[in-house]
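Commentary on secondary and tertiary structure
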Amino acid sequence: MKKRLLISFFIIITLFTLTVNADDFFADGKNIYSDHVYMVNTDTGKVVYELDSEVLTYPASLTKVMTCILAIEHCESLDEIVTMPSGIFDDVYAGGGVNMKLKTGEEVTVGDLIRATMIRSTCDTANALAWYVSGSIEAFAEKMNAKAIEIGATNTHFVNAHGLHNDNHYSTAKDMYLIAEYALKNQTFCDIIKEYSCTIPATNKSEERVLNTTIEIEDPENPLYYPYVTGVKSGFTDEAGRCLITKATKNGETYLLVTLGANRDRYYEGNMAFTDAITLFEYHFAQYSIKTVLNNTDVLGMAKVSEGKTEEIGVKAKNSIDTLIALDDSPVVTLNIDEKLTAPIAVGEKVGTVTVQVGDDVFTETLIAVEAVEKKSKTKTFTELNDGNTAATVMDILSITLTATAVIILVIFLIRVSKRKKSKK
């Protein structure tokens, strides 16, 4: 208990410091106890922090994420019964792996094996799944490697289903993120990692087993409880250090985090992977939010139009842009209006592009016309002839009218005079 309270106190002091030095708090791994980190805002896909994320290292029991997602995909039902063969747990016992003490001939469902593997991180259950799916650990490892390549985790190589140390069993923080991201697309997998304890019913060889999570920060009864976390998997070997995959959601925003190598070659009072997770989550929840940086209802500027009844029109973005933005960051909006816009122009017609820069990210969206512009007539009006001088136009009209009237009167007078002269003759 004292050990846990000490860690809790350390986290509080760390978060207090964070509010003072937020700008460079994590620069070059400062204030991070893990050797490798990869953190993504899953709402936007933006990588918000990484530290040596593509350096090869050992994933320990994070391996079991791949084991369990493959078992889910290859088994038609979680209710299928697996009868334990002999000889498949020798490496678990030799390596000191966590286990459920499965016995030869014991019958356990696929679903219970997966729950035990993910929640309590038992290694014998991982081997049982591998044997059931592929017939041997070696054949299952081949499936694991093929799936890793399929989802883009190309710097990963597995030789076993549980993650106990082997020099040829390695991955990276980024690859483990890709594997976790893939697994989290499966609803069955998501339902299982929501549990922080499980009960394995009595079997033909054992009484009921109650298993608790290895992720202490998701257990409400633990002093380290962090209520925003759901799963995913913890791991540890001497060579790998403390490893963790966690997902946290707060205020409608979600982050997926992988940390590897905490407590490796260094002694700390407790699991510093948990400290890193809470620190990283709290910092990003406090300092970042998803905002609309470009709204398609806002008129962004005016564009000049030639040969139109209107000389300029308003322009706006065709679509809005929402993105993750630091609270102290301001988006820079640049309009790129087409040089020659000629009427007619319809409402919604493309008139250029708009770019929005947020930190290192640049977004481009189409600019459209807010209103229509008709093409003006080629016949010039009096007003156009007088350059828009309305007063001059009125005077011109009066002058022309009077002149025409005078001409008509003169013509009529001349006709009458001519008729009189003819009648006198």
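Note: the structure precedes this text.
About the cut-offs
Residues numbered from 1 in each chain as written. Predicted model: local features only at pLDDT ≥ 70, side-chain atom pairs only at ≥ 80, totals over all residues. Heavy atoms only, no water. Core = buried A, V, L, I, M, F, W, Y, C linked by side-chain atoms within 4.5 Å. Buried < 20%, exposed > 50% of the residue type's maximum accessible area, 1.4 Å probe, protein only. Helix = DSSP H or I, 4+ residues; strand = E, 2+ residues; numbered from the N terminus. Pairing = 2+ DSSP bridges. Contact = heavy atoms within 4.5 Å. Axes fitted to C-alpha atoms, helices over the stretch in contact; angles between N-to-C directions. Phe/Tyr/Trp six-rings, centres within 6.5 Å; stacked < 30°, edge-to-face > 60°. Lys NZ or Arg CZ within 6 Å of the ring centre and 35° of its normal. Patch = residues over 30% accessible without salt bridge, like charges linked within 9 Å, V, L, I, M, F, W, Y side chains within 5 Å. Areas by Shrake-Rupley, 256 points an atom, 1.4 Å probe, with all protein chains shown as cover. Salt bridge = Lys/Arg side-chain N within 4 Å of Asp/Glu carboxyl O.

**Some words on the nonpolar core**
Core analysis: the biggest nonpolar cluster contains 61 residues, and Ile-114, Met-118, Phe-189 and Ile-245 have the highest contact counts within it. Of all the elements, helix H7 (residues 173–183) adds the most residues to this core, at eight residues. The next biggest cluster of nonpolar side chains, apart from the first, holds 31 residues, and it includes Phe-26, Tyr-226, Ala-262 and Leu-280.

**Observations regarding the pairing of strand S16 (residues 361–369)**
When strand S12 (residues 312–317) meets S16, the two strands line up antiparallel, connected through three bridges. Directly across from Val-315, in S16, lies its bridge partner Ala-369. Relative to S16, strand S15 (residues 350–358) is paired through eight bridges, and the arrangement is antiparallel. If you follow Gly-352 over to S16, its bridge partner there is Leu-367. Linking S15 to S16, which pair antiparallel, is a turn of two residues; within it Gly-359 sits at a positive phi near 60°.

**A word on H7**
Because the α-helix completes a turn every 3.6 residues, residues three or four places apart line up on one side. Where burial is concerned, most of H7 is hidden: nine out of the eleven residues are buried. Buried positions along H7 lie against strand S1 (36–41), helix H2 (63–74), helix H6 (137–150), helix H8 (187–193), strand S8 (241–250) and strand S9 (253–262).

**Some details on the sheet that holds S9**
Spatially, the five strands line up as an open sheet ordered S2-S1-S9-S8-S7, and their pairing is antiparallel. The open sheet has two edge strands with one neighbour each: strand S2 (46–51) and strand S7 (229–237). Within the sheet, the average angular offset between the axes of one strand and its neighbour, ignoring direction, is 5°. Looking at chain direction, S8 and S9 are connected through eight bridges and run antiparallel. Note that in S9 the partner of Leu-244 across the bridge is Thr-259. Against the sheet, H7 contacts S1, S8 and S9, and its axis sits at roughly 135° relative to S9.

**Comments concerning the packing of aromatic side chains**
According to the stated counting rule, one finds ten aromatic pairs in the structure shown. Each member of the aromatic cluster is reached from another via a ring pair, and the members are Tyr-226, Tyr-228, Tyr-255, Phe-281 and Phe-285. Directly above the ring of Phe-236 sits Arg-242, whose terminal nitrogen or CZ lies 4.2 Å from the centroid.

**Considering a nonpolar patch on the surface**
Together, Val-299, Met-302 and Val-370 line one region of the surface with nonpolar side chains, adding up to about 240 Å² of accessible area. Here Met-302 lies in strand S11 (residues 301–304). Residue Met-302 is classed as partly exposed on the basis of its relative accessible area, which comes to 45%.

Read these as layout, nothing more, since geometry by itself doesn't imply function.
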